[in-house]
Amino acid sequence: MKRSPWNLVFIAASLAGFAFASVSTHDFVQHLDRQVHSITCSFLPGLATPAMGESGCQVTLMSPYSSVFRTWLWGGLPISLPAMAVFAFLAFRGIDLLVNQAPTARAPRVFLVAAAALPAVTSLVMGYIAMNVLDAACKLCIGIYVSSFVALVAAVLEWRTAPSAAALGQEPEGEDANPARSHAVSVGQGVGFVLIPTLLYGIIAPDQTEIVQSCGELAGLEAPAGVMVPLDQNAGAKAAVEVLDPMCPACRAFEGRLEASGLGPQVNRSMVLFPLDHCNWNVGQALHPGACVVSEAVLCAGDRARDVLSWSYAHQAEIKDVATAAAGPEKEGEPAKERNARVDAAVTDHVSKAFPDLKACIGTPAVKKKLGDALRWASRSQLPVTTPQLYIEGRKLCDEDTDLGMDFALSRLLSSAAATPSKEATP
């Protein structure tokens, strides 16, 4: 009896999904040394050169949704690893159906549809998160989504087009003779495919506990009044100081990861504004134009400082566009002071549209002094010229642990602070 070609399509889609998930897992595992590595972001990963920098795949990989069990393992368990196992299992079942099962066998075909539905449903969930939460398009992820749906459609067509033994006047045999037992065995196989590599990963993943607690402490220098601005109101939580730039994309991403981790209520943060802009003498050039004005707006806001900060995070792209348009093309011989003043005026007008009551305060000597005090305190404390920085009761969260390893490292610092609190800067 001639076999349907849909099983071959199913096997091909499963192998494609396995390939995409494998490359994604490889990219994730590279970061277990806590360094920055290139990311593959291509529909043909084997033919593309991995690249550094911001991309949809980079955003997705560094997001809180790329792995699970993040407080147990540094970086967590990448969800692409069980995805690899599921696709390998689907390919195995497809090959088994092709080689060992009769063309009329119904039980293995029904199971094939049920098994293929798992990655398809997962793809729907992850695709929604990517588009609506992360606003990022990851080519590797899209490859997995397409492979999942092709496999599901092929499985359904394989099931629907295969003739049944009853229709041919034959008695059920093989797995069809006891479908309940057949499905139970298949489920056990699937669990084994996923469980074994998952357990092996948990066993061989490096333990970073000692490293994440060895990145230094914040000097206990008294900060002038107004330098440390309350960011959280979590009574009984561990005191923390966050050094940030309201126009820093990494700070915005860190805020999102902290919120998603569920560890936010365990810290009571005060922020120190450290704009990487022309007003900061620690930087050679304005890395984030407009950050000085936005920092002043945060300081002017008083009890609403967090609202202004959240607004700046949500509108970083448009504030950057305003600053870029105001700066215009660089003119030969134009003093940097004039260009900076033009940018500051444009950004001030933009911020004032959202917070009209702050316009009279932004740019005044009083708020400039307050921001200058924060920068001088950061210099005296010998803080690195980078953002974000987080100190839990004086102990620093390593720069390498502000993305993938944040949940693991922060949970260890919180536990350590509970046992042996470190020195804390005095607000």
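Residues numbered from 1 in each chain as written. Predicted model: local features only at pLDDT ≥ 70, side-chain atom pairs only at ≥ 80, totals over all residues. Heavy atoms only, no water.

Novice: Mind laying out the overall build of the protein chain, listing which residues take part and the relevant values?
Specialist: Of regular secondary structure, the protein chain possesses 14 helices and seven strands. Dimensions of the protein chain along its principal axes, counting C-alpha atoms only, are 95 × 55 × 35 Å. Buried residues in the protein chain amount to 48% of all 427 residues. When contacts within the protein chain are restricted to residue pairs at least 6 apart in sequence, long-range pairs at least 24 apart make up 78% of them. Counting every atom, the protein chain has about 20200 Å² of accessible surface; 61% of that belongs to carbon and sulfur. Side-chain charges of the protein chain comprise 32 positive and 40 negative groups, with the mean position of each set lying 2 Å from the other. (Helix = DSSP H or I, 4+ residues; strand = E, 2+ residues; numbered from the N terminus. Buried < 20%, exposed > 50% of the residue type's maximum accessible area, 1.4 Å probe, protein only. Contact = heavy atoms within 4.5 Å. Areas by Shrake-Rupley, 256 points an atom, 1.4 Å probe, with all protein chains shown as cover. Lys, Arg positive; Asp, Glu negative; His and termini not counted. Charge placed at Lys NZ, Arg CZ, Asp CG, Glu CD.)

Novice: Which residues make up the packing of helix α4 (residues 107–134) against helix α6 (residues 179–204), and what values go with them?
Specialist: Relative orientation of the contacting elements α4 and α6 amounts to 40°, with a least axis distance of 10 Å. Between α4 and α6, the crossing angle belongs to the class labelled oblique. By crossing handedness, the relation of α4 to α6 is classed as right-handed. Residues A107, V110 and F111 of α4 form the contact with α6, whose own contacting residues are P179, S182, H183, S186 and V187. When the residues that make up the contact of α4 with α6 are grouped by side-chain class, the tally is five nonpolar, three polar and no charged. (Axes fitted to C-alpha atoms, helices over the stretch in contact; angles between N-to-C directions. Parallel < 35°, antiparallel > 145°, perpendicular 65-115°, else oblique. Left-handed = near helix turned anticlockwise from the far one by under 90°. Nonpolar A, V, L, I, M, F, W, Y, C, P; charged D, E, K, R; others polar.)

Novice: Break down the packing of helix α9 (residues 291–300) against helix α13 (residues 365–380) for me, with residues and values.
Specialist: Look at α9 against α13: their axes get within 10 Å of each other, and the N-to-C directions meet at 105°. In terms of orientation, α9 and α13 fall into the roughly perpendicular class. Between α9 and α13, the contacting residues are C292, S295, E296, L299 and C300 on the first element and V367, K368, K370 and L371 on the second. Residue composition of the contact of α9 with α13, grouped by class: five nonpolar, one polar and three charged.

Novice: Give me the packing of aromatic side chains: which residues, what numbers.
Specialist: Enumeration according to the criterion identifies five aromatic pairs in this entry. Look at F89 and F111: their rings are 6.0 Å apart centre to centre, the planes differ by 85°, and that puts the pair in the edge-to-face class. One end of the pair, F89, is in helix α3 (residues 80–100); the other, F111, is in helix α4, and 22 residues separate them in sequence. Like F111, F89 is buried. Between F89 and F193, the aromatic rings sit 5.4 Å apart at their centres with planes inclined by 55°, giving tilted as the arrangement. Here F89 is found in helix α3, whereas its partner F193 is found in helix α6, with 104 residues between them in sequence. By way of ring pairs, the aromatic residues F89, F92, F111 and F193 are connected into one cluster. Between the NZ or CZ atom of R160 and the centre of the ring of W159, over which it lies, the distance is 5.4 Å. (Phe/Tyr/Trp six-rings, centres within 6.5 Å; stacked < 30°, edge-to-face > 60°. Lys NZ or Arg CZ within 6 Å of the ring centre and 35° of its normal.)

Novice: So what's going on with unusual backbone geometry? Residues and values would help.
Specialist: A cis amide bond links T387 to the next residue, P388, at an omega of 0°. Looking at the secondary structure, you find P388 in the loop between α13 and β6 (389–392). In this model, R34 sits at a positive phi of 70°, which is unusual for a non-glycine residue. Taking the relative accessible area as the measure of exposure, R34 reaches 10% and is therefore buried. We note that Q382 has phi near 55°; this positive angle belongs to a residue other than glycine. Exposure remark for Q382: the relative accessible area of 71% places this residue in the exposed category.

Novice: Give a description of a nonpolar patch on the surface that names residues and reports values.
Specialist: On the surface, a nonpolar cluster with roughly 810 Å² of combined accessible area is contributed by V187, V191, L195, I196, L199, L200, I203 and I204. Topologically, I196 is positioned in helix α6. Overall, I196 belongs to the exposed group, its relative accessible area being 54%. (Patch = residues over 30% accessible without salt bridge, like charges linked within 9 Å, V, L, I, M, F, W, Y side chains within 5 Å. Salt bridge = Lys/Arg side-chain N within 4 Å of Asp/Glu carboxyl O.)

Novice: Mind laying out the environment of C138, listing which residues take part and the relevant values?
Specialist: Structurally, C138 can be placed in the loop between α4 and α5 (139–161). Spatially, the C-alpha atom of C138 lies 6.7 Å from that of C41, the residues being 97 residues apart in sequence. Aside from chain neighbours lying at most four places away, what touches C138 is G56, C57 and T60.

Novice: I'd like a rundown of the nonpolar core, residues and numbers included.
Specialist: Judged by nonpolar contacts, the single largest core of 54 residues is most densely connected at F10, Y201, L390, I392, L397 and L410. Taken together, the elements giving at least two residues each to this core come down to α1 (6–30), α2 (56–61), α3, α4, α5, α8 (249–261), β6 and α14 (406–419). Among the elements that take part in this core, α3 stands out by supplying eight residues, more than any other. Ignoring any residue separated from it by four or fewer positions in sequence, one finds F10 in contact with L90, G94, L112, A116, A151, A154 and A155. (Core = buried A, V, L, I, M, F, W, Y, C linked by side-chain atoms within 4.5 Å.)

Novice: Describe the pattern of salt bridges, listing the residues and the values that go with them.
Specialist: Inspection of every chain in the model, using the stated rule, returns 15 salt bridges. E158 is the partner of R109 in a salt bridge, and the nearest nitrogen-oxygen pair spans 2.9 Å. Taken together, the positions of R109 in helix α4 and E158 in helix α5 put the pair 49 residues apart, joining distant regions of the chain. Residues R109 and E158 agree in their burial class; the two are buried. The partner of R306 in a salt bridge is E255, with the nearest N and O atoms 3.2 Å apart. Within this pair, whereas R306 is found in helix α10 (residues 305–314), its partner E255 is found in helix α8, the two being separated by 51 residues in sequence. On the basis of relative accessibility, which here comes to 32%, the residue R306 falls in the partly exposed class. Where salt bridges share partners, they join D232, E242, E255, R269 and R306 into one cluster.

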